[in-house]
Each structure stands twice: as structure tokens, then as C-alpha cells.
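Read off the chains here:
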Amino acid sequence: MTDELRCIGCGAVIQTTDPDKAGYTPQSALNKQKDEVYCQRCFRLRHYNEIADVDYSDDDFLRFLNQLSDKEALIVNVIDIFDFTGSLIPGLQRFVGNNPILLVGNKEDLLPRSLKRSKIKDWMRQSANKAGLRPIDVFLTSAKKGGQVDELLAAIEKYREGRNGYMVGVTNVGKSTLINRIISQLTGVQELITTSKFPGTTLDRIEIPLDDGHFLIDTPGIIHRNQMAHYLSPKELRLATPQKEIKPKTYQLQAGQTLFLSALARFDFIKGPKERNGIAIYLDNNLKVHRTKLTNADQFYANHAGEILQPPTKKELETTFPKLVRYEFKTTEKSDLVFAGHGWVAVPKNSIIAGWAPHGVGVTIRKAMI
């Protein structure tokens, strides 16, 4: 423990013993740093636009949200388009009171170009409404590529009406990357988020000054346990979740066939309208898909999960990765079976299908987007 050193990014006391606590940096990295020392969280944020979970409990986050109901502010809720159910903050509308919510879907750049953005926005609004949220508007953006950030800033300026804005969201949705983009757009300075020149740069919040004396305030991400990101290593997560624009792959399936999405999820085509049915999957282009007979699927998974079906690894399957849970649906129109965090499978109407995902990770059905 090095009590005398503090991170120049967030101010936390530097320590080398607990990776899950604030101020952690590996001893090897500490030995290489001279006068200016960054904790691992701020180092990753500065150089890779990656945010690490901080020691900020659900109770702390809920107390913070409750405080927002007493303020007049615009709430900017950032979600992951590919993990809508895992991105939602339960009860957000109740916690923020009468304050308006601007819903922002990140990772727009990963969607197929053939998908009409208006359809995704309508689906986001409808899904939010079902969860009890009534957003004042819905926006799409790409924090990674900077797409539509100017339009988002104009919307924030419009809806905040001279008030502060608070950016909220769960971890792993790209909120910190979006904040870096916003800071760059507003100030023209790169990586200002982790320099001592920036006011309010702490583990609790980052305050971005606006022209009228108010602030756009970024808050720590709340950890939502029902996210695939919490069950995989960073390396495997990059294989499991879309990293580039997803392109469809089509399989001709007969009734009684199964597609394994590595060992992460499973799609059962139980019954279809034709003898052979075109099934398009919209997932990360590098995610390996294996086809087998439905009658053999359970045994196939038992024999090959963690080996030819990977990620996750055998060790993760035996320790941290949850069991797959089955959800069955019958379609009356062309539909998308959505696997939270991954993408979706487009299926024809009059089909009986089942989706399997780790316990707690959402599998939902929607009207086909394409």
C-alpha cells in the first residue's frame, strides 16, 4: 500500500492490493511511473476509453438517484442498443421524479446499414414505456466513432432549459467513451477527463462546464449483474459482443434444428412454415455458430461447451458462468429473437422457437427490424 501517492486523474489513494477498490494500480505499473501516477481505472480511461467498475454500491447509486428528484435537471440515460434489458435502471422514472429523461442508445455504428434507425428508436421508446420510462425523446449515437454527438448535444441543450444535466447509466454501455467525446466536442481538448485541470474530476462525478454556468454531470455507472459483460473476461467479451457493423448470416433450417452461439446462447428452431426456412442471424461477425439436431443439442453442449463451443472457457463454465435458461415463443409475424448483449435472430411468422441464455440475461421477441 502506498498511502502517500494519489491518482492525478481522480484523486484516489494509490493502492496495489485490491483490483476492485478505488486507486488500484499493479505494482509493476507503479514501478514504471515517475512523478505522475494514474490508477488503473484512469489509465484505461485516458488511453483506451475504457471505464472500470468503482467501489460504488447499488444503495449508494439509489441514494444518488433519490437526490435527483429534489433537483430540477435533465436526465440523460445512456443505454446499449444491443443490451437494452441489461442497460435499464430499474425504477429510474420513479427515482428522478418529474425530471425529463432523454434516452440515448449507444453503439449505433454497429447496426446494419439496412436497418432503418427510426424503427430502432420506436422499439427503444416502446421498450422503455413497458419498463415504466417515459422519455422526452430518443436518440442514437456512436461514442466510439463520434456519430451524431453534435445532434445529441443540441438535444441536451434544448431539453435542459437552463438546468444541469445528469448522465446516468449502468456499466459497460460506453458512457465514459461518450463523455470523452462530449468533452472533446465542447472544449477541443483530448483526454481532459483525467487531468487535474478539469473541475469535479473525482470517483463520484465528472462535471463538464456549460456556457450558462450550469454543468453536464457524469455519474459512476451502476453495476447491473444481468449483463453478459460480468461473466466473461475482457478478451472473450470482445469475441462475444459486436465490435464492427454486424452483417447477417443466413442458415437454411428445418424443424428440429439448433444453432449454438458458441457456448453463450442457443437458438432452437422447433417448427416453421416451410420444410426449409431461411434464418438470418445478426451477431458479431467473429462469433462462431454451430448447427446440430435439436434432439442431440443437450448432449452436444455437455460434450463441447468450453472447447469447440467457446467462449466461455471450460473454467468459466465450471465456476462463474450461469446455466442457460430456456424461453419459448410462437411468432404470428416476421420477428426478431433478441439475445441481450449479442444481437438477434430473424425468424419467419408461424414459427415455434426457443432461445437459451445465461440465467438473468434477457431473451425477448420483437417485430422484425429488417
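Heads up: the structure comes first, above all this text.
For clarity, every value in this text was computed on a predicted model and none was experimentally measured. (Residues numbered from 1 in each chain as written. Predicted model: local features only at pLDDT ≥ 70, side-chain atom pairs only at ≥ 80, totals over all residues. Heavy atoms only, no water.)

**Re the sheet that holds strand β14 (residues 343–347)**
Ordered in space as β7-β10-β14-β13-β16, the five strands form an open sheet in which the pairing is antiparallel. Pairing within the sheet leaves two strands with one partner each, and these edge strands are β7 (249–253) and β16 (363–367). Geometrically, the sheet is characterised by an average inter-axis angle of 25° between neighbouring strands, direction not taken into account. (Pairing = 2+ DSSP bridges. Helix = DSSP H or I, 4+ residues; strand = E, 2+ residues; numbered from the N terminus. Axes fitted to C-alpha atoms, helices over the stretch in contact; angles between N-to-C directions.)

**With respect to unusual backbone geometry**
The peptide bond linking Q310 to P311 adopts the cis configuration, its omega dihedral lying at 10°. Structurally, the position occupied by P311 is in the loop between α10 (297–304) and α11 (314–319). The omega torsion across P311 and P312 is 0°, close enough to zero to call that bond cis. Turning to its location among the elements, P312 is positioned in the loop between α10 and α11.

**Considerations on the pattern of salt bridges**
Following the criterion strictly, the structure yields 12 salt bridges and no others. Among the salt bridges present, the one from K107 reaches D80, with a minimum N-O distance of 3.0 Å. With K107 in the loop between β2 (101–106) and α6 (117–130) and D80 in strand β1 (residues 73–80), this pair connects stretches of sequence that are 27 residues apart. Look at K107 and you get partly exposed, because its relative accessible area is 23%. Of the charged contacts, one joins E157 and R160 as a salt bridge, the two residues approaching to 3.1 Å between their closest N and O atoms. With E157 and R160 both in helix α7 (residues 149–160), this residue pair falls three residues apart, about one helical turn. In this structure E157 comes out as partly exposed when scored by relative accessible area, which is 44%. Among the charged side chains, a salt-bridge network with shared partners connects E157, R160 and D212. (Salt bridge = Lys/Arg side-chain N within 4 Å of Asp/Glu carboxyl O. Buried < 20%, exposed > 50% of the residue type's maximum accessible area, 1.4 Å probe, protein only.)

**Topic: α10**
Residues A297, F300 and Y301 constitute the buried set of α10. For α10, the buried positions fall inside an angular range of 95° around the axis, keeping them on one side. For α10, the exposed residues lying more than 90 degrees away from the buried face are D298 and A302. In this fold, the buried residues of α10 make contact with β8 (257–261), β9 (265–271), β11 (289–293), α11 and β12 (324–330). Phi turns positive, to about 90°, at G306, one or two residues after α10. (Arc of directions from axis to C-beta. Contact = heavy atoms within 4.5 Å.)

**Let's talk about the packing of aromatic side chains**
Tallied over the full model, the rule gives six aromatic pairs. Aromatic pair Y282 and W344: ring centres 5.0 Å apart, planes at 15°, arrangement stacked. Taken together, the residues span a long stretch of sequence, with Y282 in strand β10 (residues 277–282) and W344 in strand β14 at a distance of 62 residues. Taking relative accessible area as the criterion, Y282 reaches 8% and is therefore assigned buried. One aromatic cluster is present, formed by F82, Y282 and W344 through successive ring pairs. (Phe/Tyr/Trp six-rings, centres within 6.5 Å; stacked < 30°, edge-to-face > 60°.)

**What about the environment of F139?**
Position of F139 relative to the elements: it lies in strand β3 (residues 137–140). A residue is classified by how much of its surface remains accessible, and F139, at 16% relative accessible area, is buried. F139 sits 22 residues away from R117 along the chain, and the two C-alpha atoms are 9.7 Å apart. For F139, the residues in contact, after removing those within four places along its chain, are L102, L103, V104, G105, M124, E151, L152 and A155.

**Here's the deal with the nonpolar core**
If you look at the biggest cluster of nonpolar residues, it comprises 60 residues, and the most contacted ones within it are L102, I120, M124 and L178. Apart from the residues within four sequence positions on either side, L102 is in contact with L74, I75, V76, N77, I136, D137, F139, L152, A155, I156 and Y159. With 40 residues, the next largest nonpolar core counts L261, L287, F300 and A305 among its residues. (Core = buried A, V, L, I, M, F, W, Y, C linked by side-chain atoms within 4.5 Å.)

**Concerning the pairing of β9**
For β9, a buried count of five out of seven residues is recorded, marking the element as mostly surrounded by other parts of the structure. As paired elements, β8 and β9 share five bridges and run antiparallel to each other. The partner of T258 across the bridge, within β9, is D268. Following β8, the chain reverses through three residues before pairing antiparallel with β9; S262 in that reversal takes a positive phi of roughly 45°.

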